[in-house]
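Now for the letters of each chain:
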Amino acid sequence: MTGWIIPLLVGCGTGILSSWGVGGGTLLLIMTLVLDVPAGDAMAVNLLYFLPTAAMGVVSHARNGLLEKDALRSAIPWGAAAAIAGALVAAAVDTDLLRRPFGIYLLLAAGITLRQL
């Protein structure tokens, strides 16, 4: 009956971390390594977590006049194409092959970020 408490706390914790600039990959890493959620499920949750967060970032930057429209016009088509290609590759590859390299990548990125501080 209380199986929802830990996921709720993880979600709240990653929400706080995201407000400090730590990416949603933290949620993915915690879900796969700590909560033992299958990598495919964790990726889906991470994507759903990212979409409203990114949308709010765009709205905030637009309100502050920080969006470079020329850059967006060139980046959006290439970014969308890369996202589709990445999704197709990820769907075709066994998730167990992706789990460890992605975790290592996240740990390296965190280390580099901490080093820059």
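Cut-offs and rules
Residues numbered from 1 in each chain as written. Predicted model: local features only at pLDDT ≥ 70, side-chain atom pairs only at ≥ 80, totals over all residues. Heavy atoms only, no water. Helix = DSSP H or I, 4+ residues; strand = E, 2+ residues; numbered from the N terminus. Buried < 20%, exposed > 50% of the residue type's maximum accessible area, 1.4 Å probe, protein only. Contact = heavy atoms within 4.5 Å. Areas by Shrake-Rupley, 256 points an atom, 1.4 Å probe, with all protein chains shown as cover. Lys, Arg positive; Asp, Glu negative; His and termini not counted. Charge placed at Lys NZ, Arg CZ, Asp CG, Glu CD. Salt bridge = Lys/Arg side-chain N within 4 Å of Asp/Glu carboxyl O. Axes fitted to C-alpha atoms, helices over the stretch in contact; angles between N-to-C directions. Nonpolar A, V, L, I, M, F, W, Y, C, P; charged D, E, K, R; others polar. pLDDT = per-residue confidence, 0-100.

**Section: the overall build of the protein**
At step 1: A count of helices and strands for the protein gives 5 helices and 0 strands.
At step 2: With the C-alpha coordinates aligned to their principal axes, the bounding extent of the protein is approximately 50 × 35 × 35 Å.
At step 3: For the protein, buried positions account for 13% of its 117 residues.
At step 4: A fraction of 45% describes how many contacts in the protein between residues 6 or more apart in sequence connect residues 24 or more apart.
At step 5: Approximately 8900 Å² of the protein is accessible, and the part contributed by carbon and sulfur atoms is 72%.
At step 6: The positive charge centre, built from 6 side chains, and the negative charge centre, built from 6, are 11 Å apart in the protein.

**Some details on the pattern of salt bridges**
At step 1: Scanning all chains against the criterion turns up 1 salt bridge.
At step 2: Among the ionic pairs, Asp70 bridges to Arg73, the shortest N-O distance being 3.0 Å. Placement of both Asp70 and Arg73 in helix 4 (residues 69-92) is noted, with a separation of 3 residues, approximately one turn of the helix. Across this residue pair, the class does not change: Asp70 and Arg73 are exposed.

**Observations concerning the packing of helix 3 (residues 39-63) against helix 5 (residues 95-116)**
At step 1: Packing of helix 3 against helix 5 leaves a shortest axis separation of 9 Å and a crossing angle of 60°. Taking contact as the criterion, the partners of Ala39, Gly40 and Met43 in helix 3 are, on helix 5, Thr95, Leu98 and Arg99.
At step 2: Taken together, the residues of the contact of helix 3 with helix 5 sort by class into 3 nonpolar, 2 polar and 1 charged.

**Details of the confidence of the model for the protein**
At step 1: Taken over all residues, the pLDDT of the protein has a mean of 81, while the share at 70 or more is 92%.
At step 2: By mean pLDDT, helix 2 (residues 25-33) is the weakest element of the protein at 73, and helix 4 is the strongest at 87.

**Re the environment of Ala80**
At step 1: With respect to the secondary-structure elements, Ala80 resides in helix 4.
At step 2: Residue class for Ala80 comes out partly exposed when judged on its relative accessible area of 37%.
At step 3: For Ala80 and Leu66, which are 14 residues apart along the polypeptide, the C-alpha to C-alpha distance reads 21 Å.

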